[in-house]
Amino acid sequence: MKAIKRCFQVPFLSRYIFFSFVILILSCVRSQPQVDRFKELRENMVTTQIKARGISNREVIEAMRNVERHLFVPETHIQHAYGDHPLPIGYGQTISQPYIVAFMTEILNLDKSSKVLEVGTGSGYQAAILAEICDSVYTIEIVEELGIRSSQLFKKLGYSNIKVKIGDGYKGWSEYSPFDAIIVTCAPTHIPDPLKNQLKEGGRMIIPVGERYVQELVLLTRKKGSLKQTSVLPVRFVPMVDEKDMIY
Ligand code: SAH
């Protein structure tokens with residue numbers, strides 16, 4: 001009886017191994033062109049949306065080329081990940097248009113030693129771009145689910161220099177302040193004082209300021225203690241909210 005059983009088991013096992021092997025080979029053959037396709041789309045994005053519009057900082061261009069934007073968008077929008085527009089990421093929020101990400105990053109004049117604060121982690125894409133260029137990134141997200149999702153993605157992709165906090169970015173992150181640069185990716189109606197106070201001497205902050213559909217991207221620089229403010233671009237970001245607005 002045992003001998004008969006073994007007789008059935010061995011071919012089943014070998015068949016199982018054989019078919020698993022075939023499936024593995026097929027999935028590798030199928031996913032390879034997909035990976036190459038995304039690389040091609042990313043290269044095209046860098047050429048037509050980033051360089052063509054005047055972004056020239058080498059580190060920023062390299063980061064836009066390296067970070068796989070399609071990993072930060074929901075599966076349903078993956079084919080449009082490299083399009084010239086923002087995309088929904090769930091919870092009524094969006095991942096910014098690639099050009100805006102590059103523009104805001106370039107204007108901060110970052111280098112390998114920079115410590116940056118981001119308000120509005122969202123998909124985590126902007127934080128990943130910053131992490132490619134800087135020493136450390138501190139990012140705050142008010143929607144818990146988005147904060148957790150991004151945190152897990154950073155871990156999976158090996159970004160050990162990004163720290164995520166779930167909370168109200170209006171208050172900044174005083175434990176790690178002052179910051180060389182602050183980037184805000186949701187729009188308050190005025191520039192929060194705690195963020196101004198957490199900007200280092202010589203530091204820069206880029207922040208969209210205004211009402212729901214009309215905002216200006218404002219650049220703040222701290223020189224000899226005082227803050228200089230310039231409007232650089234009209235934009236449209238999701239509003240900055242506080243804990244009492246968080247009703248879903
Ligand atoms: N930088 C993001 C863009 C996210 S959209 C990316 O690369 O995908 C703006 C994000 O700001 C949203 O996820 C929103 O939930 C978050 N947000 C809004 N108000 C906030 C606040 N007070 N503190 C922290 N995050 C906030």
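A brief report on the enclosed structure follows. Predicted, not measured: the structure shown is a model, and the values here were computed from it. (Residues numbered from 1 in each chain as written. Predicted model: local features only at pLDDT ≥ 70, side-chain atom pairs only at ≥ 80, totals over all residues. Heavy atoms only, no water.)

With that settled, the discussion passes to empty space enclosed by the protein. Following the criterion strictly, the structure yields 1 cavity of 30 Å³ or more and no others. Its boundaries defined by the atoms lining it, the largest cavity holds a volume of some 30 Å³. Around the largest cavity sit N57, E59, V60, T105, E106, N109, L110 and I133, which together line it. Class assignment of the residues belonging to the lining of the largest cavity gives a composition of 3 nonpolar, 3 polar and 2 charged. (1 Å grid on protein atoms, 1.4 Å probe; cavity = no way out; pocket = protein on both sides within 12 Å on 5 of 7 lines; lining within 4 Å. Points joined across faces, edges and corners; volume = space filled by probe spheres on them. Nonpolar A, V, L, I, M, F, W, Y, C, P; charged D, E, K, R; others polar.)

Next up on the list: the site of the ligand. The environment of the ligand is formed by 26 residues, the closest being S123, E141, D168, G169 and V241. The side chain of S123 places a nitrogen or oxygen atom 2.6 Å from an oxygen atom of the ligand. One nitrogen or oxygen atom from the main chain of V241 is found 2.6 Å from a nitrogen atom belonging to the ligand. Protein contact buries 99% of the 580 Å² of open area that the ligand shows by itself. (Near = heavy atom within 4 Å. Polar contact = N/O pair within 3.5 Å; in protein donor to acceptor, adjacent residues only side chain to side chain. Areas by Shrake-Rupley, 256 points an atom, 1.4 Å probe, with all protein chains shown as cover.)

Applying the stated criterion across every chain, the model contains 7 salt bridges. Two residues, E43 and R65, come together in a salt bridge whose shortest N-O distance is 3.2 Å. Pair noted here: E43 is in helix α1 (residues 2-51) and R65 is in helix α2 (residues 58-66), with a separation of 22 residues, a long-range link. R65 gets classed as partly exposed once you look at its relative accessible area, which sits at 23%. Through salt bridges that share partners, E43, E62 and R65 make up one connected network. (Salt bridge = Lys/Arg side-chain N within 4 Å of Asp/Glu carboxyl O. Helix = DSSP H or I, 4+ residues; strand = E, 2+ residues; numbered from the N terminus. Buried < 20%, exposed > 50% of the residue type's maximum accessible area, 1.4 Å probe, protein only.)

This brings us to the sheet that holds strand β9 (residues 226-235). A sheet is described by the order of its strands in space; here 7 strands give the open sequence β5-β4-β3-β6-β7-β8-β9, paired in mixed fashion. At either end of the open sheet lies a strand with only one pairing partner, and these are β5 (162-166) and β9. Strand-to-strand twist of the sheet, defined as the mean angle between neighbouring strand axes without regard to direction, takes the value 15°. Bridging between strand β3 (residues 115-119) and strand β6 (residues 179-184) involves 4 bridges; their strand directions are parallel. The partner of L117 across the bridge, within β6, is I182. Across the face of the sheet, helix α3 (residues 98-106) comes into contact with β6, β7 (199-210), β8 (215-223) and β9 while running at roughly 165° to β9. (Pairing = 2+ DSSP bridges. Axes fitted to C-alpha atoms, helices over the stretch in contact; angles between N-to-C directions. Contact = heavy atoms within 4.5 Å.)

On to the pairing of β6. In regular strands, side chains alternate between the two faces of the sheet. For β6, the tally of buried residues reaches 5 of 6 residues, placing the bulk of the element in the interior. Inspection of the sheet shows β6 paired to β7 by 4 bridges, in the parallel sense. Opposite F179, over in β7, you have L199 as the bridge partner.

Turning next to the side chain of S150. Looking at the element boundaries, S150 is found in helix α5 (residues 144-157). For S150, a relative accessible area of 2% corresponds to the buried category. Setting aside residues up to four positions removed in sequence, S150 forms contacts with T121, G122, S123 and G124.

Time to look at the environment of E118. Turning to its location among the elements, E118 is positioned in strand β3. C-alpha of E118 to C-alpha of A181: the two residues are 63 residues apart in sequence and 8.6 Å apart in space. Other than its neighbours up to four places away in sequence, E118 contacts Q126, A127, L130, Y138, T139, I140, I183 and T185.

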